[in-house]
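# An overview of the molecular structure
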Amino acid sequence: GRLPHHIVIQGGGLIAVEYAFILRRLGARVTLVVREGLLMVGKGVDDDIKAAVEKRLRIIGVDIHFNDGDILEAVPPSAGNDGTVLLR
């Protein structure tokens, strides 16, 4: 398969964070769009762990947007054009 050049992941839960780490380590640019002001809210994860995970994501180059609402529209890439994501 092909690795996307840039991927936007909506959510800041455990699975979203795991995918962000994996895809970034494989070489894709990764953006996390998180409704809340913290990662892994309501998942029973200690605040110190949340802070350490966020720091590590930023160190490896994941772009995180907190308090950033829903994805309204996603246009996939086509020949010669990058895709776009419109946030509320």
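Residues numbered from 1 in each chain as written. Predicted model: local features only at pLDDT ≥ 70, side-chain atom pairs only at ≥ 80, totals over all residues. Heavy atoms only, no water.

Let us now look at the nonpolar core. Ile 9, Ala 20, Leu 32, Leu 39, Leu 57, Val 62 and Ile 64 are the most contacted members of the largest nonpolar core, which has 18 residues in total. Of all the secondary structure elements, the ones that give two or more residues to this core are α1 (14-25), β2 (29-33) and α2 (47-59). Top element by residues in this core is α1. It accounts for four residues. Setting aside residues up to four positions removed in sequence, Ile 9 forms contacts with Ala 16, Tyr 19, Ala 20, Leu 23, Val 30, Thr 31, Leu 32 and Val 33. (Core = buried A, V, L, I, M, F, W, Y, C linked by side-chain atoms within 4.5 Å. Buried < 20%, exposed > 50% of the residue type's maximum accessible area, 1.4 Å probe, protein only. Helix = DSSP H or I, 4+ residues; strand = E, 2+ residues; numbered from the N terminus. Contact = heavy atoms within 4.5 Å.)

Taken in spatial order, the three strands line up as β1-β2-β3 in an open sheet, and their pairing is parallel. In this open sheet, the two edge strands, each paired with only one partner strand, are β1 (6-10) and β3 (63-65). Along the sheet, successive strands turn relative to each other by an average axial angle of 15°, direction set aside. Taken together, the three bridges between β2 and β3 define a ladder with parallel strand orientation. Among the inter-strand pairings, Val 33 is bridged to a residue of β3, identified as His 65. The strands touched by α1 within the sheet are β1 and β2, with β2 carrying the most contacts at an inclination of about 165°. (Pairing = 2+ DSSP bridges. Axes fitted to C-alpha atoms, helices over the stretch in contact; angles between N-to-C directions.)

A few words on the layout of surface pockets. The computed volume of the largest pocket comes to approximately 460 Å³. Surrounding the largest pocket, 17 residues form its lining, His 6, Ile 7, Pro 77, Asp 82 and Gly 83 being those nearest its centre. Among the secondary structure elements, those contributing two or more residues to the lining of the largest pocket are β1, β4 (71-75) and β5 (84-87). It is β1 that provides the largest number of residues to the lining of the largest pocket, a total of three residues. Along the lines of polarity and charge, the residues of the lining of the largest pocket split into nine nonpolar, five polar and three charged. (1 Å grid on protein atoms, 1.4 Å probe; cavity = no way out; pocket = protein on both sides within 12 Å on 5 of 7 lines; lining within 4 Å. Points joined across faces, edges and corners; volume = space filled by probe spheres on them. Nonpolar A, V, L, I, M, F, W, Y, C, P; charged D, E, K, R; others polar.)

Our focus in this paragraph is unusual backbone geometry. Residues other than glycine seldom take positive phi values, yet Met 40 does so here, at roughly 55°. Within the secondary structure, Met 40 is located in the loop between β2 and α2.

Here we take up the side chain of Thr 31. If you trace the backbone, Thr 31 turns up in strand β2. Residue contacts for Thr 31: discarding those within four places in its chain leaves His 6, Ile 7, Val 8, Ile 9, Asp 63 and His 65.

A separate point is the pattern of salt bridges. Any two side chains of opposite charge can pair, so long as their charged atoms come close to each other. Tallied over the entire structure, the rule returns two salt bridges. The shortest N-O distance in the salt bridge between Asp 47 and Lys 50 comes to 3.7 Å. One end of the pair is Asp 47 and the other is Lys 50, both in helix α2 and three residues apart, which spans about a single turn. On the basis of relative accessible area, Asp 47 is assigned to the exposed category, the value being 53%. By relative accessible area, which is 10% here, Lys 50 ends up buried. (Salt bridge = Lys/Arg side-chain N within 4 Å of Asp/Glu carboxyl O.)

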